[in-house]
Amino acid sequence: MKNKPHKPPATAVGQVSLVGAGPGDPDLLTLKAVKAIAAATVILVDDLVNEAVLAHASPSARIVYVGKRGGCASTPQAFIEKLMVSEAHKGENVVRLKGGDPLVFGRSGEEIEALQQAGIEVHVVNGITAALGALASLNTALTHRDHAHGVLMVTGHAKPGDPGTDWRALAHTARQAKLTLVVYMGVAAAQRIQDELLHGLAADTPVAIVQDATLPSQRRALCTLDCLHQTLTEQRMASPCVLVIGDVLRGLASLGQAQEAVLARGQIRAM
Ligand code: SAH
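Computed from a predicted model, the values in this text were never measured in an experiment.

What follows covers the sheet that holds strand β10 (residues 241–245). Strand order in this open sheet of five strands is β6-β7-β10-β8-β9, and the pairing throughout is mixed. Across the chains shown, the open sheet's two edge strands, defined by having one partner strand only, are β6 (150–155) and β9 (219–224). Neighbouring strand axes in the sheet, compared pairwise and without regard to direction, differ in orientation by 20° on average. Here strand β8 (residues 206–211) pairs with β10 via five bridges, running antiparallel. Note on β10: the bridge partner recorded for Val-210 is Val-242. Taken strand by strand, helix α4 (residues 130–137) contacts β7 (179–184), β8, β9 and β10, and its axis lies near 70° from that of β10. Sheet strands in contact with helix α5 (residues 167–177) are β6 and β7, and its direction is about 145° off that of β7.

Take the nonpolar core next. Residues Leu-197 and Ile-209 are the most contacted members of the largest nonpolar core, which totals 25 residues. Only α5, β7, α6 (190–197), β8, β9, α7 (228–234) and β10 provide two or more residues apiece to this core. It is α5 that provides the largest number of residues to this core, a total of four residues. Here Ile-209 is in contact with Arg-219, Arg-220, Ala-221, Cys-223, Leu-228, Thr-231, Leu-232, Met-237, Cys-241, Val-242 and Leu-243, once residues within four sequence places are set aside.

Let us look at the side chain of Asp-101. The topology assignment puts Asp-101 in the loop between β4 (93–98) and α3 (108–117). Of the side chains with opposite charge, Lys-98 lies nearest to the buried Asp-101, which makes no salt bridge, at 9.7 Å. Contacts of Asp-101, omitting those with residues within four sequence positions, involve Asn-126, Gly-127, Ile-128 and Thr-129.

What counts as what
Residues numbered from 1 in each chain as written. Predicted model: local features only at pLDDT ≥ 70, side-chain atom pairs only at ≥ 80, totals over all residues. Heavy atoms only, no water. Pairing = 2+ DSSP bridges. Helix = DSSP H or I, 4+ residues; strand = E, 2+ residues; numbered from the N terminus. Axes fitted to C-alpha atoms, helices over the stretch in contact; angles between N-to-C directions. Contact = heavy atoms within 4.5 Å. Core = buried A, V, L, I, M, F, W, Y, C linked by side-chain atoms within 4.5 Å. Buried < 20%, exposed > 50% of the residue type's maximum accessible area, 1.4 Å probe, protein only. Lys, Arg positive; Asp, Glu negative; His and termini not counted. Salt bridge = Lys/Arg side-chain N within 4 Å of Asp/Glu carboxyl O.

As structure tokens, this is what we get:
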């Protein structure tokens, strides 16, 4: 007879860990994330988390999918927060698994607040954010002493009713301060982002688009800012993508190897 899987004991007082699952490749999980997943009694799995990371979970852990993939509506944020609070109060060791790093566009700020208000112990376990996975696939740094003194991570998707990012102001700042722009959730608004950024950035500013970074399905395209929307459409690229914009990518043109890798996939537009 097969032994019943051993259920890790629920801790006397529950806790919640917000754990980064990285951009996709399960080998990019941190050791700390692996330990947190293995110790969890309840795991709430967000959208964009590669299910392969659940191989580290205890067979008896309760897995709850709260993402919106597969055409289902995503679980309302308030419900997720309530669930985390009630499970932790029952003494469960809850892991909230999020794509990339939990602290980057992951609504962790709201969740940490809600949990702390309910008197629950919260831990954050970092993951590799999508932009870094994407840049690694291009063998390009986000900063460069000659081209970029820093980085701005921005979202292309604002909360309903919020006017969102001021792209024109951002373009001027990026040019004047020599910053690389990294846009998350930018596919739907790409045309507007392109048009607005062109008020402050040169039309030939290089752009890299990386879809499904670090996964076997990864796709990359290089273009100039004036062709951003066209490239997304022609290459049929879709979410999840990160858009990397800035002169730091100019190095890519001189890196024969990296450019060839992109060319071989037939997804480059001339830089
Ligand atoms: N916390 C996540 C970001 C969540 S917002 C992180 O740190 O990466 C979701 C957005 O992240 C997507 O719309 C996309 O812009 C980006 N993203 C997540 N995974 C990605 C991947 N594998 N490839 C490209 N972009 C990705």
